[in-house]
Amino acid sequence: MYTQALNTREAAGAAADPEREARFQACVDAESRIEPNDWMPDAYRRTLIRQISQHAHSEIVGMLPEGNWITRAPSLKRKVALLAKVQDEGGHGLYLYAAAETLGISREELVEQLLAGKAKYASIFNYPTLTWADIGAIGWLVDGAAIMNQIPLCRCSYGPYARAMIRICKEESFHQRQGYEIMLTLARGTPEQKAMAQDALDRWWWPVLMMFGPSDQDSQHTDVSMRWKIKRFTNDELRQKFIDATVPQAHYLGLSIPDPRLAFDAASGHWRFGEIDWDEFKRVIAGNGPCNRERMRARRKAHDEGAWVREAALAYAQKRRQRQAAMQVAAE
Amino acid sequence: MTEQNWPLWEVFIRTRNGMAHRHAGSVHAVDAAMALQNARDVYTRRGEGLSIWVVPSAAITASDPAEQGMMFEPTASKIYRHPSFYEVPEEVGHM
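The notes below deal with the structure included here. (Residues numbered from 1 in each chain as written. Chains lettered and ligands numbered in written order. Predicted model: local features only at pLDDT ≥ 70, side-chain atom pairs only at ≥ 80, totals over all residues. Heavy atoms only, no water.)

1. Points about the overall build of chain A
- Looking only at helices and strands, one finds twelve helices and two strands in chain A.
- Taken from N to C terminus, the helices and strands of chain A fall in the order α-α-α-α-α-α-α-α-α-α-β-β-α-α.
- Taken over the C-alpha trace, chain A has a radius of gyration of 22 Å; the compact-globule value for 332 residues is 20 Å, and the two agree within 12%.
- If one aligns the C-alpha atoms of chain A with their principal axes, the spans along those axes are about 80 × 55 × 35 Å.
- When burial is assessed residue by residue, chain A has 52% of its 332 residues classed as buried.
- Considering only contacts in chain A between residues 6 or more positions apart, those separated by 24 or more positions represent 79%.
- Roughly 15,500 Å² of accessible area belongs to chain A as shown, and the carbon and sulfur atoms make up 55% of that amount.
- The positive charge centre, built from 44 side chains, and the negative charge centre, built from 42, are 4 Å apart in chain A. (Helix = DSSP H or I, 4+ residues; strand = E, 2+ residues; numbered from the N terminus. Rg over C-alpha atoms; globule rule 2.2 N^0.38 Å. Buried < 20%, exposed > 50% of the residue type's maximum accessible area, 1.4 Å probe, protein only. Contact = heavy atoms within 4.5 Å. Areas by Shrake-Rupley, 256 points an atom, 1.4 Å probe, with all protein chains shown as cover. Lys, Arg positive; Asp, Glu negative; His and termini not counted. Charge placed at Lys NZ, Arg CZ, Asp CG, Glu CD.)

Written out as structure tokens, the structure reads:
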């Protein structure tokens, strides 16, 4: 999902401290939570830092494709909703950075990893938002896929991550519903508007399915993440859940899913779907999607141009503290 | 460029009167006033709170989970602190 690029396997290695590791695993198995100062295996800590920070970066980079449409929203109602949604994404990024920092890494290091291109973010945000219908499709599909992935994360074994996810999930529902309402309005509009909605669905469908990450045969992290209860369902299980939930919603809109092999399998109760283009997935993850460079350029520019504000705020706070201290001395 | 980092603050929110302030997360800010503003923007966008406390993270002293056994042992061994330790005849009724 937002952490789909977790492709470097942690060296399993010999347990450095088998006794503490056994106690840790027993705690996880008992559905208790691991808290920041508790002992944890180094690989657990590293995996969480990577996963939570990728998730945070995805929220922050995810503000860009939608921010692109704030000034061009078709009505005041749509504009305030989109503004609030993009603000939520910023907030979600901040909850998650705060959760990652409890593992002993600083905010500055995390941001640095993103800007240096060392940390990944969700591949989906490297696709362009060409029309207003894309804002509907993102809310409905991208946020819908995110919810599917994030609900089980509310029970993640690491306390601060689970608590951040609970806050996020409460807010995501608004995102998905506003997106679906945009799609519904377009689908019930003029033939041109309906065509716009269909075009957005055609372009977003496959990239959204890729959000769940590589198929289970190729996913290297699933087994250990499941044992640690960071993950509760495999990529393919979540993808299937999403498709089953979403296909009827598309039919209600009168839109068609761009997959000629999509068919309902009555025996299993699941929608069967065609092959995902994994080459495209790898290309986008590797930094060669339609907008990767543009997204990173925008983040670096914002960071660089904000440097003087960060410095000035610190200098001002320092000056005020000094002044207060001087006044206190004078008063004594 | 060596940029100095903004300090970290812990955020506590009272959801409604009658409830205690509860830890919500953390924010970065240069001073207390900015920490309060940032906490409001990050943690109370939907009426989650009536009151916010911010505390410099460095000012919090925490017990060590590794010492948990020693720290909290007395509570486990002093069962006479609980009402169920004492016997009251049934005829006396609820006490």
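From this point, the narrative continues.
2. Comments concerning the pattern of salt bridges
- Here the structure, examined in full by the defined rule, presents 21 salt bridges over all chains.
- Between Lys85 of chain A and Glu89 of chain A there is a salt bridge; the shortest N-O distance is 3.0 Å. Of the two residues, Lys85 of chain A and Glu89 of chain A are both situated in helix α4 (residues 76–101); the distance of four residues between them amounts to about one turn of the helix.
- The exposure class of Glu89 of chain A is buried, given its relative accessible area of 5%.
- The salt bridge involving Arg40 of chain B is made with Asp41 of chain B; its shortest N-O contact spans 3.0 Å.
- Taking relative accessible area as the criterion, Arg40 of chain B reaches 46% and is therefore assigned partly exposed. (Salt bridge = Lys/Arg side-chain N within 4 Å of Asp/Glu carboxyl O.)

3. Overview of the sheet that holds strand β2 (residues 22–28) of chain B
Residues and elements named next belong to chain B.
- Pairing within the open sheet is antiparallel, and its three strands lie in the order β2-β1-β3. The sheet terminates laterally at β2 and β3 (51–56), the two strands that pair on one side only. On average, adjacent strands in this sheet sit at an angle of 30° to one another, irrespective of strand direction.
- With six bridges joining them, strand β1 (residues 8–14) and β3 adopt antiparallel strand pairing. Looking at the pairing, Ile13 lines up with Ile52 of β3. (Pairing = 2+ DSSP bridges. Axes fitted to C-alpha atoms, helices over the stretch in contact; angles between N-to-C directions.)

4. Looking at the interface of chain B and chain A
- Listed per partner, the contact involves 19 residues of chain B and 22 residues of chain A.
- Here chain B and chain A share four salt bridges between them.
- With its nearest N and O atoms 2.9 Å apart, the salt bridge here joins Arg45 of chain B to Glu171 of chain A.
- On inspection of chain B and its partner chain A, the count reaches ten residue pairs in polar contact (both at pLDDT 80 or more).
- The set of elements that each furnish at least two residues to the side of chain B that touches chain A consists of β2 and α1 (32–43) of chain B. (Polar contact = N/O pair within 3.5 Å; in protein donor to acceptor, adjacent residues only side chain to side chain.)

5. Things to note about the pairing of β1 of chain B
Residue and element names in this part refer to chain B.
- The buried fraction of β1 amounts to five of the seven residues, a majority that puts the element mostly inside the structure.
- Sheet topology note: the β1/β2 ladder contains six bridges and is antiparallel. Across the sheet, residue Leu8 finds its bridge partner in β2, namely His28.

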